Amino acid sequence: MDAKQTGMKAVAVLLLLTQLAAAQDAKSETPGEQLDRSLQLLREGRLDTGNEQLAKATERLEAHVTTNPRDAEARFDLARAYWAAERRGAAVAAATEAVELAPDNKDYQLARFGYLRAVGRLGDTIKDVKALLEQSPDDADYWIELGRSYFASRRYDEASEAYQRARTIDDENPRLYHSLGSLYARQGQLDDAIEAFKTQAQRYPDQFDSHFNLAQIHQLRGENEEALKHFIEADRINSNDAGTIAKLVQCFQAKGDRIARDEARRRLMFMFREGRTKATRYCRDQFIHNEKYVIVIEHFERTGQQGVKYEFYVYNEKRTRLFYRIQLASSEYTTRLSIAEGRIKPGQSIYHVDLDKGGEHRSYGFYKAEPAYDILREYVQKIIDEKVKPEGTLILGK
């Protein structure tokens, strides 16, 4: 046997041993461990593999609780699995069973309350939390849960009272300032919201939600540099969150950093192509132009019969009134017609800019390929300024 054959045999043996080890690891993995691994895969955006492992873990957990009906931990794991699979009712039922089996387990209680709120059973949540507070009146976690339930019910004054009660009991509670920040933001008290989220971020610098929410408030106030700083921190903590990456695209656009903007957008497009996000579109840009507030939506792929790629929603500056929508599209009909007329070659697509306002449709410029975003943005601003005239106007219904 020559050296090449010996080397190939060694590689084959190594591959076989690796496969056997992986099979053995999978065999020894508990259903709960398999569930944790599947959830980590989903957080990383590996949706196909994650969902496959989630289904297998769920099947194993269901079989386990059938033969071990009083295993509270398995019941709770099953609730988490159902929730990840968006089987909301089953998740609530399994979490309730886990709580009944282990009523003193606070983690089960808190998770169940979160599930109940998410499915709109706010009355049940408030009633059950109050019952626990009668037994444990000095438990800050339960006061926070009561506040969150009042908040979800839009009973903001009662939410504030519950949060303040929690604050007097445990000022260091890791869930407190995030909840307070959300309440202040909803009430329009943005300075207080920033302070609350900032306190949370300083005390727990690796907590994703604190940085993301703090960044959102700064962006809402037009404080782009501060917003960008915290979106970058949120991205450091979780680099697989498509919403955060979309925000980076917006902030780098506002900063004028096209290189960083395009890199963030490239990451977002990669996530879509790899199936790591369920989103089909995202908010690419927000800006004020000539006393108009413009929100820009980019579709990852052209969508609908018209093949829409971009939508520019033009509001008044306070965003209380939508004036009109401008879109960049490439419909198959227009492309076929353009090829037939010799305007473009077969295999090319014609893009057109249109404005819709009520029952009025206006056609503007045409492009023989998808224009760069900055060129399109500048052209849309000219439309807003009425510096370009439509090539045609159609009044629907006439």
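To keep things clear, this report deals only with the structure shown in the data block. (Residues numbered from 1 in each chain as written. Predicted model: local features only at pLDDT ≥ 70, side-chain atom pairs only at ≥ 80, totals over all residues. Heavy atoms only, no water.)

### Points about the overall build of the protein chain
Thought 1: Assigned secondary structure in the protein chain consists of 17 helices and seven strands.
Thought 2: Scaling as 2.2 N^0.38, a compact globule of 398 residues should have a C-alpha radius of gyration of about 21 Å, whereas the protein chain reaches 27 Å, well beyond that.
Thought 3: Here the C-alpha coordinates of the protein chain stretch approximately 80 × 75 × 40 Å along the principal axes.
Thought 4: Per-residue burial over the protein chain gives 44% buried out of 398 residues.
Thought 5: The contacts of the protein chain with a sequence gap of at least 6 include a subset with a gap of at least 24, amounting to 46%.
Thought 6: Total accessible area on the protein chain is roughly 21800 Å²; 49% of this is exposed by carbon and sulfur atoms.
Thought 7: Here the protein chain contributes 61 positive and 63 negative side-chain charges, whose respective centroids are spaced 6 Å apart. (Helix = DSSP H or I, 4+ residues; strand = E, 2+ residues; numbered from the N terminus. Rg over C-alpha atoms; globule rule 2.2 N^0.38 Å. Buried < 20%, exposed > 50% of the residue type's maximum accessible area, 1.4 Å probe, protein only. Contact = heavy atoms within 4.5 Å. Areas by Shrake-Rupley, 256 points an atom, 1.4 Å probe, with all protein chains shown as cover. Lys, Arg positive; Asp, Glu negative; His and termini not counted. Charge placed at Lys NZ, Arg CZ, Asp CG, Glu CD.)

### Digging into the packing of aromatic side chains
Thought 1: The full count for this structure, using the stated rule, is 11 aromatic pairs.
Thought 2: Residues Phe 208 and Phe 212 carry aromatic rings whose centres are separated by 5.7 Å and whose planes lie at 20° to one another, so their mutual orientation is stacked. Here Phe 208 pairs with Phe 212, and both are found in helix H12 (residues 208-220), just four residues apart, close to one helical turn. Phe 212 matches Phe 208 in its accessibility class, with the two residues each being buried.
Thought 3: Relative to Tyr 373, the ring of Phe 312 lies with its centre 6.3 Å away and its plane at 5°, an arrangement referred to as stacked. Within this pair, whereas Phe 312 is found in strand E3 (residues 308-316), its partner Tyr 373 is found in helix H17 (residues 373-384), the two being separated by 61 residues in sequence.
Thought 4: Phe 312 sits in the buried class, given a relative accessible area of 1%.
Thought 5: What makes Tyr 373 buried here is its relative accessible area of 5%.
Thought 6: Linked through ring pairs, Phe 208, Phe 212 and Phe 231 together constitute an aromatic cluster.
Thought 7: Sitting over the face of the ring of Tyr 373, Arg 284 holds its NZ or CZ atom 4.0 Å from the ring centroid.
Thought 8: When the ring centre of Phe 366 is taken as reference, the NZ or CZ atom of Arg 343 above it lies at 5.1 Å. (Phe/Tyr/Trp six-rings, centres within 6.5 Å; stacked < 30°, edge-to-face > 60°. Lys NZ or Arg CZ within 6 Å of the ring centre and 35° of its normal.)

### Brief notes about the environment of Leu 122
Thought 1: Relative to the helices and strands, Leu 122 is located in helix H7 (residues 122-135).
Thought 2: Note on Leu 122: relative accessible area 18%, which makes it buried.
Thought 3: Residues Leu 122 and Ser 153, 31 residues apart in the sequence, show an inter-C-alpha distance of 6.8 Å.

### A few points about the nonpolar core
Thought 1: Residues Leu 146 and Tyr 163 are the most contacted members of the largest nonpolar core, which totals 49 residues.
Thought 2: Top element by residues in this core is helix H8 (residues 140-152). It accounts for seven residues.
Thought 3: Once residues within four sequence positions are removed from consideration, Tyr 163 is found in contact with Ile 144, Gly 147, Arg 148, Phe 151, Leu 176, Ser 179, Leu 180 and Leu 183. (Core = buried A, V, L, I, M, F, W, Y, C linked by side-chain atoms within 4.5 Å.)

### Observations regarding the packing of helix H9 (residues 156-169) against helix H10 (residues 176-186)
Thought 1: Two numbers describe how H9 lies on H10: the axes approach to 10 Å, and their chain directions differ by 155°. One element, H9, and the other, H10, form an angle in the roughly antiparallel class. For the pair H9 and H10, the sense of crossing is left-handed. Residues Tyr 156, Ala 159, Ser 160, Tyr 163, Gln 164, Ala 166 and Arg 167 of H9 pack against Leu 176, Tyr 177, Ser 179, Leu 180, Leu 183, Tyr 184 and Arg 186 of H10. (Axes fitted to C-alpha atoms, helices over the stretch in contact; angles between N-to-C directions. Parallel < 35°, antiparallel > 145°, perpendicular 65-115°, else oblique. Left-handed = near helix turned anticlockwise from the far one by under 90°.)

### Side note on H7
Thought 1: For H7, built from 14 residues, the straight-helix expectation of 20 Å at 1.5 Å per residue is met to within 8% by its first-to-last C-alpha distance of 20 Å.
Thought 2: If you check which residues of H7 are buried, you get Leu 122, Thr 125, Ile 126, Asp 128, Val 129, Leu 132 and Leu 133.
Thought 3: Where H7 is buried, its residues touch helix H6 (106-118) and H8. (Expected span 1.5 Å × (residues − 1).)

### Let's talk about the side chain of Gln 381
Thought 1: As for its position among the elements, Gln 381 is in helix H17.
Thought 2: Looking at Gln 381, the relative accessible area reads 18%, which means it is buried.
Thought 3: If we skip the residues at most four places from it in the chain, Gln 381 touches Phe 287 and His 289.

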